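In case you want the letters, here they are:
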Amino acid sequence: MKMLAGVLLLLACSGKTWALCEGGYPNLSVAQEARDARLVVIARPQTFELVRDVAEDPDGYVATRIHLAIDAVLRGMPPEPGKAGFLTILNPNTSARFPMDERDAGTSRLLFIREGEDGYWVDSCGHSGKRAARGATIRRLRQLGAGPR
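What counts and how
- Every chain is numbered independently, its residues counted from 1 as its sequence is written.
- Since the coordinates come from a predicted model, pLDDT governs what is reported: local features require at least 70, and pairs of side-chain atoms require 80 or more to be given and counted, while whole-chain, interface and lining totals use all residues.
- Computation of side-chain values covers all heavy atoms of the structure but excludes hydrogens and water.
- Secondary structure follows DSSP: runs of H or I at least 4 residues long count as helices, runs of E at least 2 residues long count as strands, and numbering of each begins at the N terminus.
- Should any heavy atoms of two residues lie within 4.5 Å, those residues are considered in contact.
- All accessible-area figures derive from a Shrake-Rupley calculation using a 1.4 Å probe, and residue coverage is judged against the displayed protein chains alone.
- Cavities and pockets were defined on a 1 Å grid built from protein atoms only: a cavity is a group of points that admits a 1.4 Å probe but offers it no way out, a pocket is an open group of points flanked by protein on both sides within 12 Å along at least five of seven lines, and a lining residue is one with an atom within 4 Å of any such point.
- Grid points are joined across faces, edges and corners, and a volume is the space filled by probe spheres set on the points.
- Polar here means any residue other than Ala, Val, Leu, Ile, Met, Phe, Trp, Tyr, Cys and Pro, which are nonpolar, and Asp, Glu, Lys and Arg, which are charged; Gly is therefore polar.
- In protein, a polar contact means a hydrogen-donor-capable atom and an acceptor-capable atom, both N or O and within 3.5 Å, with residues adjacent in sequence counting only if both atoms are side-chain atoms; elsewhere, any N or O pair within 3.5 Å suffices.
- Relative accessibility thresholds used throughout: buried, under 20% of the residue-type maximum; exposed, over 50%; partly exposed, between the two (1.4 Å probe, protein chains only).
- Any two strands with at least two DSSP bridges between them are considered paired.

S.K.: Tell me what's going on with the overall build of the protein chain, and back it up with residues and numbers.
M.R.: For the protein chain, the helix and strand inventory stands at 3 helices and 6 strands. For the protein chain, the α and β elements follow one another from N to C terminus as α-α-β-β-β-β-β-β-α. Looking at the protein chain alone, contacts between residues at least 24 apart form 66% of all its contacts between residues at least 6 apart. Accessible surface computed for the protein chain: about 9,100 Å², of which carbon and sulfur atoms make up 55%.

See below:
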């Protein structure tokens, strides 16, 4: 029991922790995540806006609205034709939040974007991440022919 507690403490203090990902991290193959995503893009976060809800969290915020500049669409069609090149996603303030904040403004990222009842979001258990570290994933997407749906 003490060993389990020690392992949990070590994981909690490590620099890279994720929310519980069913089946491990990442929990889907690149092919499956591409099929499940509404849109797969290479984008740069531009601005970050805290979403506050005093009733739900009087001392903090419930999410961050992230405004993205889209550099390339690898799969799907941008949802708002009038705003081509831009998209806003919602990042909840929970253990499932995708690791991206103001320090990442302008950093090119590969993002598998999903659509939910609260808008567009990125699964923290998936293959999304900094573009510089996702070359193999981008090559795999191109091999799959992950063009528009």
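Continuing now.
S.K.: So what's going on with the side chain of R114? Residues and values would help.
M.R.: Within the secondary structure layout, R114 lies in strand β4 (residues 109-116). Filtering out sequence-adjacent residues up to four positions away, R114 remains in contact with L28, E33, D36, R38, G119, Y120, W121 and D123.

S.K.: Tell me about the layout of surface pockets, residues and numbers included.
M.R.: Estimated volume of the second largest pocket: approximately 230 Å³. Residue lining of the second largest pocket: 14 residues in total, with L90, P92, T94, D118 and W121 positioned closest to the centre. Only β3 (86-92) and β5 (119-122) provide two or more residues apiece to the lining of the second largest pocket. If you tally residues by element for the lining of the second largest pocket, the top one is β5, at 4 residues. For the lining of the second largest pocket, the per-class residue count stands at 8 nonpolar, 4 polar and 2 charged.

S.K.: How would you summarise the environment of R134 if you had to cite specific residues and measurements?
M.R.: Looking at the element boundaries, R134 is found in the loop between β6 (129-130) and α3 (135-144). Sequence-wise, R134 and L110 are 24 residues apart; in three dimensions their C-alpha atoms are separated by 7.0 Å. A polar side-chain atom of R134 sits 3.0 Å from the main-chain carbonyl oxygen of S128.

S.K.: Give a description of the environment of D104 that names residues and reports values.
M.R.: In this fold, D104 is placed in the loop between β3 and β4. With relative accessibility at 11%, the residue D104 sits in the buried group. Linking D104 and K130, residues 26 residues apart in sequence, is a C-alpha distance of 9.2 Å.

S.K.: Before we move on, could you go through the pairing of β4 and cite the residues and values that matter?
M.R.: Counting buried positions along β4 gives 6 out of 8 residues, so the element sits mostly inside the fold. By the bridge criterion, 5 bridges tie strand β1 (residues 39-51) to β4 in an arrangement that is antiparallel. Residue pairing for β4: V40 is matched across the bridge by F112. Across 4 bridges, β4 lies against β5 in antiparallel orientation. Of the residues in β5, the one forming a bridge with E115 is Y120. Turn length for the β4-β5 hairpin, with the two strands adjacent in sequence and antiparallel, is 2 residues.

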